Amino acid sequence: MSELPERPGRFNGLRHIALLVPNLEECERFYVDVLGMEVLNRANEDLVYLTCGNDNLSLGRGAGAANGLQTLDHYGFIVDSVEELEAWYQYFKAHGVTLLDRPFNHGDGARSFHLLDPAGNKVQPLYHPAVSGQRLV
């Protein structure tokens, strides 16, 4: 039996969350105009990324929950490098964690993959050049 890889260093924080919202434009105006976030990237007409400078909020147009309200799509842990992201992928794979995809590139320089925790929550280890490498005190 081969030896399992050691766990890579710690994640650099839980600083990404993705919400599916039925009213994308209204939510974007709220987060930008009321809360003061900035648009980081508009991936397409159904997906916008916002930031306070050290985080990443994804708003995606979606039907949401049966009650028509927002629903959590996934949350993400920041890693500091593409190499660290790959090390986490190999670590999870070796430990039999349910992986939903392989590491892939985003259009804005980010790279990530998705997995499930034991309760079925979707978790995204994420390298993002706008927030990776920052240290919060």
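Residues numbered from 1 in each chain as written. Predicted model: local features only at pLDDT ≥ 70, side-chain atom pairs only at ≥ 80, totals over all residues. Heavy atoms only, no water.

- Looking up the protein chain in an unreviewed UniProt entry gives the name VOC family protein, with the organism given as Pseudomonas kermanshahensis.

1. A word on the pairing of strand β1 (residues 14–21)
Along any regular strand, the residues point their side chains to alternate faces of the sheet.
Next, step 1: Here β1 runs beside strand β5 (residues 71–79); their pairing, made up of 6 bridges, is antiparallel. For Ala18, the partnering residue across the bridge sits in β5 and is His74.
Next, step 2: With 6 bridges joining them, β1 and strand β4 (residues 56–61) adopt parallel strand pairing. Bridge pairing in β4 places Ile17 opposite Leu57. (Pairing = 2+ DSSP bridges. Helix = DSSP H or I, 4+ residues; strand = E, 2+ residues; numbered from the N terminus.)

2. Some details on the packing of aromatic side chains
Next, step 1: In total, this model carries 9 aromatic pairs according to the counting rule given.
Next, step 2: Ring plane angle 80° and centroid distance 5.3 Å describe the contact between Phe30 and Tyr31, whose orientation is recorded as edge-to-face.
Next, step 3: Pairing Tyr89 with Phe113 gives two aromatic rings, centres 5.2 Å apart and planes at 80°, and the pair type is edge-to-face. Taken as a pair, Tyr89 in helix α2 (residues 82–94) and Phe113 in the loop between β7 (111–112) and β8 (115–116) lie far apart in primary sequence, 24 residues in all. Summarising the burial analysis for this pair, Tyr89 and Phe113 share the class buried.
Next, step 4: A connected cluster of aromatic rings, assembled from ring pairs, spans Phe11, Tyr75, Phe77, Trp88, Tyr89, Tyr91, Phe92 and Phe113. (Phe/Tyr/Trp six-rings, centres within 6.5 Å; stacked < 30°, edge-to-face > 60°. Buried < 20%, exposed > 50% of the residue type's maximum accessible area, 1.4 Å probe, protein only.)

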